[in-house]
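The lines below spell out each chain.
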Amino acid sequence: MTERSRSSIIIVGGGASGVILAGHLLRSPDPRLRVTMVEKRAAFGPGIAYSTLLPDHLLNVSAMGMSALADDPEHFWRWLQDKGLAKEEDNPIYAPRSVYGLYLQELLVEIAERERPRLRLVQEEGVLISPSPAGVELRLANGTSIVGHVAVLAAGHDEEPASEQDFAVRIGSAKDTPIDPDCRVLILGTGLSMVDAWLTLEHRGHRGEIAAVSRRGLLPSPHQKGSPIRLDSADILLGTELSYFVGWFRDLVRATEKAGGNWRDVVDGLRPFNQRIWQSWPVSAKRRFLEHTKAWWDIHRHRMAPEIHARISEAVRSGRLRLIAGRVLGIRREGRTLTVNLQLRQSQAVENLEVAVAYDCTGIVKDVSTGSIAVVRSLTDRGLARPDPLRLGLDVTADCAIINVDGAPSDKLFAVGPLTRGTFFDIDAIPDIRIQCARLADQLAG
């Protein structure tokens, strides 16, 4: 495909990934370049992740790491200061996610005003993508179509992931109806989604016990100031057995702690290499990592704001929040009460827990081909895309090209952000998404 044939680009999804990609694409000086962004939500920018209005829902990355611009890492930090929302001495600061959503909105407005002839915003749901010899056609829910040379899926997380536990509801969903504030509730999952749910219940004035269960009952760690160790590509073990890599990593942590640092310095120092490490492993090693190691990795890699961790820890100490390591064996409903049978991890004993409601905070959709994103299903149903081998997202190349059911990469269909986690794995946070979007923009815009 020639450079000229890529001049009309459709971005499906107007959340963080879509805005960041559009911003990098429109840095191209090519006057022929046109970007059309399609978003079904009422506002462009916030997406699902940054639409919450609860002030307690803070970013899990400090403001210094949340710039949307790959070559200007302090852009968001300066924006906060310009708005009077932060001072130099406040660093590090963990801003409310709603504030970050406003930042993305304003960034897009700025881009739209500067690039008015080259950026078109369409508030509608994209439901069907069809490639052709000349380009792509995106069918919209209202029956109209948009044509372009290239389409990039930036749909983010599935808005309505199907729960493996059909008795559980998603907090904030239509099924999340009011409950007695003194009743006991159960949360499935103990990660960052559980933290958000707990904060929401606290905001609602819930007083009853909140029990949270996961296989290991682990709580994400808090951020602390540190000094990431400096690593070179030659220092990193690539393509080794998972057990050997884990041993190497633990030795590196011990050596760093002996020198006066802590494990955060190692985790953060390793971050620039995470995607290369993941890509160097065979599928068997990736599967073992997901089954046995990911839970431990997540609580160290995906940390929470210190002030939120302090509140959660106090809730655990006071008994308002109970963390349970175990798994759900069965469920029985009697009237408005759910009796949940839990097998505890350490003792293998079975505990029967009576709760008024169970909230599903187990995370992302388990298989994109069965998710609720219509435009993704339109591709997988017709074999134009396929799930990656572990079904974490869509199967894409290292250049973000979508791979079809026969294993052939497309030159017209691409994806960025969480949809590509099967290939990139560490691609949920803004610092990683902005680098991915910058690279794809350079590739598409020439």
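Cut-offs and rules
Residues numbered from 1 in each chain as written. Predicted model: local features only at pLDDT ≥ 70, side-chain atom pairs only at ≥ 80, totals over all residues. Heavy atoms only, no water. Helix = DSSP H or I, 4+ residues; strand = E, 2+ residues; numbered from the N terminus. Rg over C-alpha atoms; globule rule 2.2 N^0.38 Å. Buried < 20%, exposed > 50% of the residue type's maximum accessible area, 1.4 Å probe, protein only. Contact = heavy atoms within 4.5 Å. 1 Å grid on protein atoms, 1.4 Å probe; cavity = no way out; pocket = protein on both sides within 12 Å on 5 of 7 lines; lining within 4 Å. Points joined across faces, edges and corners; volume = space filled by probe spheres on them. Nonpolar A, V, L, I, M, F, W, Y, C, P; charged D, E, K, R; others polar. pLDDT = per-residue confidence, 0-100. Pairing = 2+ DSSP bridges. Polar contact = N/O pair within 3.5 Å; in protein donor to acceptor, adjacent residues only side chain to side chain. Axes fitted to C-alpha atoms, helices over the stretch in contact; angles between N-to-C directions. Core = buried A, V, L, I, M, F, W, Y, C linked by side-chain atoms within 4.5 Å. Parallel < 35°, antiparallel > 145°, perpendicular 65-115°, else oblique. Expected span 1.5 Å × (residues − 1). Salt bridge = Lys/Arg side-chain N within 4 Å of Asp/Glu carboxyl O. Left-handed = near helix turned anticlockwise from the far one by under 90°.

1. Some words on the overall build of the protein
When helices and strands are counted, the protein shows 12 helices and 15 strands. Relative to the compact-globule value of 22 Å for 446 residues, the protein shows a C-alpha radius of gyration of 22 Å, a close match. Principal axes of the C-alpha set define a box for the protein whose edges measure 65 × 60 × 50 Å. A total of 446 residues make up the protein; the buried ones form 52% of that total. Across the protein, contacts joining residues at least 24 apart in sequence account for 68% of those joining residues at least 6 apart.

2. Let's talk about empty space enclosed by the protein
Where empty space is left becomes clear once a probe the size of a water molecule has been rolled over the atoms. Counted by the stated rule, this structure contains two cavities of 30 Å³ or more. By volume, the largest cavity amounts to about 70 Å³. D56, L58, L59, N60, R97, L192, V195, D196, L199, M304, A305 and I308 together form the lining of the largest cavity. Sort the elements by how many residues they give to the lining of the largest cavity and helix α4 (residues 192-203) lands first, with four residues. In terms of residue class, the lining of the largest cavity is made up of eight nonpolar, one polar and three charged.

3. Looking at the layout of surface pockets
By volume, the second largest pocket is sized at about 530 Å³. Lining of the second largest pocket is provided by 21 residues; of these, V246, F249, T293, W296 and W297 occupy positions nearest its centre. Contributing elements (two or more residues each) for the lining of the second largest pocket: α5 (242-258), α6 (263-270), α7 (274-280) and α8 (283-301). Along the lines of polarity and charge, the residues of the lining of the second largest pocket split into 15 nonpolar, four polar and two charged.

4. Some words on the environment of K294
In this fold, K294 is placed in helix α8. What K294 contacts, discounting residues up to four positions off in sequence, is F289 and F425.

5. Focus: the confidence of the model for the protein
Of all residues in the protein, 96% attain a pLDDT of 70 or more, and the chain-wide mean is 93. Considering only residues more than four positions removed or in separate chains, one finds that residues 1-5, a stretch of pLDDT under 50, has 12 contacts.

6. Observations regarding the pairing of strand β15 (residues 409-415)
In the sheet, strand β7 (residues 150-153) pairs with β15 via three bridges, with the strands oriented parallel. By the bridge assignment for β15, L153 is matched with A415. In this structure, strand β14 (residues 401-403) lies alongside β15, joined through two bridges in antiparallel fashion. Note that in β15 the partner of A401 across the bridge is F414.

7. Focus: the side chain of H206
Following the sequence through the fold, H206 ends up in the loop between α4 and β9 (210-214). In terms of polar contacts, H206 uses its side chain to reach the backbone carbonyl oxygen of P181, at 3.4 Å. A polar contact is formed between the side chain of H206 and the backbone oxygen of C183, at a distance of 2.9 Å. If we skip the residues at most four places from it in the chain, H206 touches I179, D180, P181, C183, V185 and L201.

8. Topic: the sheet that holds strand β3 (residues 119-123)
With mixed pairing, the six strands of this open sheet are ordered in space as β3-β2-β1-β7-β15-β14. With partners counted over all chains shown, the strands left at the sheet margins are β3 and β14, one partner each. Strand after strand, the sheet turns through a mean of 35 degrees between neighbouring axes, direction not considered.

9. Focus: the nonpolar core
Judged by nonpolar contacts, the single largest core of 73 residues is most densely connected at L25, F76, L80, Y100 and L153. Discounting residues that sit within four places of it in the chain, F76 has contacts with L59, A63, M66, S67, A95, Y100 and Y103. One finds Y94, C183, V195 and W198 within the second-largest nonpolar core, a separate group that totals 25 residues.

10. Describing the packing of α6 against α8
Helix-helix packing is characterised by the crossing angle of the two axes and by the distance between the axes. Running from N to C, α6 and α8 point in directions that differ by 100 degrees, and their axes come no closer than 10 Å. Comparing the axis directions of α6 and α8 gives the class roughly perpendicular. For the pair α6 and α8, the contacting residues are W263, V267 and L270 in the first and W297, H300 and R301 in the second. Its residues placed into classes, the contact of α6 with α8 shows four nonpolar, one polar and one charged.

11. Things to note about helix α12 (residues 430-445)
In this model, α12 (16 residues) spans 21 Å end to end at C-alpha, consistent with the 22 Å of a helix rising 1.5 Å per residue. Within α12, 12 of the 16 residues are buried, which leaves the element mostly enclosed by the surrounding structure. Every buried residue belonging to α12 is among I430, P431, D432, I433, R434, Q436, C437, A438, L440, A441, L444 and A445, and all of these are buried. Once α12 ends, the next one or two residues include G446, with phi positive near 70 degrees.

12. Here's the deal with the pattern of salt bridges
Evaluation of the coordinates by the stated rule reveals 29 salt bridges. Across the pair D56 and R311 runs a salt bridge whose closest N-O atoms are separated by 3.2 Å. With D56 in the loop between β2 (34-39) and α2 (75-82) and R311 in helix α9 (residues 306-318), this pair connects stretches of sequence that are 255 residues apart. Residue D56 is classed as partly exposed on the basis of its relative accessible area of 24%. Relative accessible area serves as the criterion here: at 30%, R311 is assigned to the partly exposed category.

13. As for the packing of helix α1 (residues 16-25) against helix α3 (residues 97-114)
Taken N-terminus to C-terminus, the directions of α1 and α3 make an angle of 30 degrees; their axes are 10 Å apart at the nearest point. With respect to α3, the element α1 is oriented roughly parallel. Along this stretch, α1 crosses α3, giving a crossing that reads as left-handed. Between α1 and α3, the contacting residues are A16, V19 and G23 on the first element and L104, L107, L108 and I111 on the second. Here the contact of α1 with α3 is built from residues that sort into six nonpolar, one polar and no charged.

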